[in-house]
Amino acid sequence: MPRTSSKALFLSASAALALTAGAVGADTLRIGLASEPTSVDPHYHNLGPNNALARHIFTPLIAQDANQLLEPGLATEWEAIDDTTWRITLREGVTFSNGDAFTARDVIYTVCRIPLVPDAPSPFTLYTRAIAGLEAEDDHTLIVTTDGPAPLLPNQLSTFGIISASVSGAEDEVTFGMDGCTGVGDAPASAEFNDPNFAIGTGPYTLGAYIRGEELRLSRNENFFGDAPQWDEIVMRPLTNSGARVAALLAGDVHMIENPPTQDIARIEGDGFTISSGLSNRVIYIALDQGDAPTPGIDGDTNPLQDARVREALALSIDREAIRERLMLGLSEPAGELLPAPMFGTNPDRPAIPYNPDRARELLAEAGYEDGFSIVLGTPNDRYINDGPISQAVAQMWTQVGVQTEVDAKTFSAFIADRNGFNFSAFLAGWGAGTGEMSSPLGALVATRDPDRSLGGTNLARHSNTEIDDLLVEALQTVDDGERERLLREASTIAMDTFAIVPIHYELTTWALAPGLEYEARADQYTLGSAVVRAD
């Protein structure tokens, strides 16, 4: 049972009044979220809001700092013994929030459970696929063997939190196997983690309550092995309407918000609030369904999006600088790849995709669509910075070159359901590279869908190019950093030259905080209440 006091579950009225925009001395931090986590289960959905929540409750083996540099988590050391063998030294003296000791058994169970999560929209098997063997030398030493060289294993081990084997119903002995583990019992359903009595981790906070659509309450974990966070309690409220988030901040109802509207930042700063901003690893992109006809939203018996010339035309039709200046007010960087330079695997000299509507019209004519065609662009309207307005702008730009475009905007939860059902011929979405290097977006968004190799898990455009796949697989098995980066650069070049996917821009992520609070902008865009501190 998590040690949760009544104070952690219910904030008194007096404390609620004490922590206002002008008074940050109370022990509860209130945060307005732009997008709500879809589950407390740390392995259900590889999605920014979910991953950020998970970092409060579940600790990964290897952590990432604000710039995605690796640092110790539940593991204190990791070393490659040879090309396919790693020794992981686990932190001693760590307990879960219910007092149970953390051991190697919990790590083995976690890796075994990840592929068993039912209906995962974006599975974490992307990060466990290289593991061929996992054995405990003792309670605090793990030997990991991989199916070929796996130089990115430490990065991959930083992407998911460790859960309690005992709470999850595992047997005393859990044995890893590539074709199936033994001793795992009945793997828990994701919904079970929404119960505070089940969401047991080693992170700085425990789950106090999860009321979908209303709030998340986190209580300080008195058993946490690291430095105690400043706040006794964190309350997260989903405020998907940007105006409502700003109003809540200015009124003192919350003390930190995600993604303040770009047009409101000057006003927020002028009222004495703090702005924290930095370039993120998140690319906003448009996926174009390249599957066989008929394609939803496009009339006719053929799919024009299978033609690279049509995809290039749509890419050239987007005025990224106009979007940056008019919609993002400078808080974005036009993109030419799926990750900003100088992150690992990027091509530093590759420019952003230029705006060239005349060439776009020529390409459409060359492809046999001089009269254009009609298309529907799906988009969330509450997930990414200005996602709805950006989609509307893209629709106007496409229409100007002859591709009549209708926008289908909806809440993120409804959008995900339609996207995962292949109900869009084109859609706008975002991807943050959890490992901080190019194999993450290529492996998830561009690689051919192949569950057996854990590739293409979020490739909802049905793109397939075996040359890219082969380069990516080779890169993931190449120990030499220089050669691995060359392979990733080549794979990215092919993907961008064929417009396998259409990047728009990289987000500059912004948070607004009450006076007296500080937060270091994170490249992964995670909102971590545990990292919010009072200014000196």
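This structure is a prediction, so every number in the text was calculated from the model and none was measured. (Residues numbered from 1 in each chain as written. Predicted model: local features only at pLDDT ≥ 70, side-chain atom pairs only at ≥ 80, totals over all residues. Heavy atoms only, no water.)

### Topic: the packing of helix α8 (residues 308–316) against helix α10 (residues 357–366)
- Between α8 and α10, the shortest axis-to-axis distance is 8 Å and the interhelical angle comes to 160°. With respect to α10, the element α8 is oriented roughly antiparallel. With respect to the hand of their crossing, α8 and α10 are arranged in left-handed fashion. Together, Arg-309, Val-310, Glu-312, Ala-313 and Leu-316 of α8 and Pro-357, Arg-359, Ala-360, Leu-363, Leu-364 and Glu-366 of α10 make up the contact between the two elements.
- Split into classes, the residues belonging to the contact of α8 with α10 amount to 7 nonpolar, no polar and 4 charged. (Axes fitted to C-alpha atoms, helices over the stretch in contact; angles between N-to-C directions. Helix = DSSP H or I, 4+ residues; strand = E, 2+ residues; numbered from the N terminus. Parallel < 35°, antiparallel > 145°, perpendicular 65-115°, else oblique. Left-handed = near helix turned anticlockwise from the far one by under 90°. Contact = heavy atoms within 4.5 Å. Nonpolar A, V, L, I, M, F, W, Y, C, P; charged D, E, K, R; others polar.)

### Considerations on the environment of Ser-166
- For Ser-166, the location among the structural elements is in the loop between α5 (153–156) and β8 (205–211).
- Contact partners of Ser-166, with chain neighbours within four places excluded, come to Asp-100, Arg-105 and Asp-106.

### Points about the packing of aromatic side chains
- Going through the model one piece at a time under the given rule, you end up with 12 aromatic pairs.
- When the ring of Phe-193 is compared with that of Phe-198, the centres are 5.0 Å apart and the planes differ by 90°; the resulting orientation is edge-to-face. Each member of the pair Phe-193 and Phe-198 is classed as buried.
- Ring geometry for Phe-224 and Phe-225: centres 4.9 Å apart, planes at 45°, overall tilted.
- Through a chain of ring-to-ring contacts, three or more aromatic side chains come together here, namely Tyr-285, Tyr-384, Phe-412, Phe-415, Phe-424 and Phe-427.
- Over the ring of Phe-412 we find Arg-383, and its NZ or CZ is 5.6 Å from the ring centre. (Phe/Tyr/Trp six-rings, centres within 6.5 Å; stacked < 30°, edge-to-face > 60°. Buried < 20%, exposed > 50% of the residue type's maximum accessible area, 1.4 Å probe, protein only. Lys NZ or Arg CZ within 6 Å of the ring centre and 35° of its normal.)

### Considerations on the pattern of salt bridges
- Summed over all chains, the structure comprises 22 salt bridges.
- One salt-bridge network, held together by shared partners, links Glu-79, Arg-87 and Glu-137. (Salt bridge = Lys/Arg side-chain N within 4 Å of Asp/Glu carboxyl O.)

### A look at the state of the cysteines
- Going through the model one piece at a time under the given rule, you end up with 1 disulfide.
- Linked covalently through their sulfurs, Cys-112 and Cys-181 form a disulfide whose S-S length is 2.1 Å. Torsion about the S-S bond of the Cys-112 and Cys-181 cystine: about -90°, corresponding to left-handed handedness. Taken together, the residues span a long stretch of sequence, with Cys-112 in helix α4 (residues 104–113) and Cys-181 in the loop between α5 and β8 at a distance of 69 residues.
- Judged by relative accessible area, Cys-112 falls into the buried class, the value being 3%.
- Relative accessible area serves as the criterion here: at 23%, Cys-181 is assigned to the partly exposed category. (Disulfide = S-S within 2.5 Å.)

### What to know about the packing of helix α13 (residues 439–446) against helix α15 (residues 481–497)
- Where α13 meets α15, the closest approach of the two axes is 10 Å, and the angle between their N-to-C directions is 45°. The angle between α13 and α15 falls in the class oblique. Pair α13 / α15 crosses with left-handed handedness. Counting all contacts with α13, which are made through Ser-439, Leu-442 and Val-446, the residues of α15 involved are Leu-488, Ala-491, Ser-492 and Ala-495.

### Considering helix α9 (residues 320–327)
- By the burial criterion, the buried members of α9 are Arg-320, Ala-322 and Ile-323. End-on, the buried residues of α9 take up no more than an arc of 160°, which puts them together on one face.
- Along its buried surface, α9 packs onto α8, β13 (332–334), α11 (387–400) and β17 (502–513).
- Its side-chain oxygen placed 3.4 Å from the backbone nitrogen of Glu-321, Asp-319 serves as the N-cap of α9. (Arc of directions from axis to C-beta. Polar contact = N/O pair within 3.5 Å; in protein donor to acceptor, adjacent residues only side chain to side chain.)

### As for the sheet that holds strand β6 (residues 131–138)
- Across the sheet, which stays open at both edges, the 4 strands sit in the order β4-β5-β7-β6 with antiparallel pairing between neighbours. Strand pairing shows two members of the sheet lacking a second neighbour, β4 (75–82) and β6, which therefore form its edges. Averaged over all pairs of adjacent strands, the angle between strand axes in this sheet comes to 20°, irrespective of strand direction.
- Running at roughly 165° to β6, α4 makes contact with β5 (85–90), β6 and β7 (141–146) of the sheet. (Pairing = 2+ DSSP bridges.)

### Focus on the environment of Leu-316
- Among the secondary structure elements, Leu-316 is positioned in helix α8.
- For Leu-316, a relative accessible area of 7% puts it in the buried group.
- Linking Leu-316 and Asn-356, residues 40 residues apart in sequence, is a C-alpha distance of 5.2 Å.
- In this structure, Leu-316 is in contact with Ile-353, Pro-354, Tyr-355, Asn-356, Pro-357, Arg-359, Ala-360 and Leu-363, ignoring residues within four places of it in sequence.

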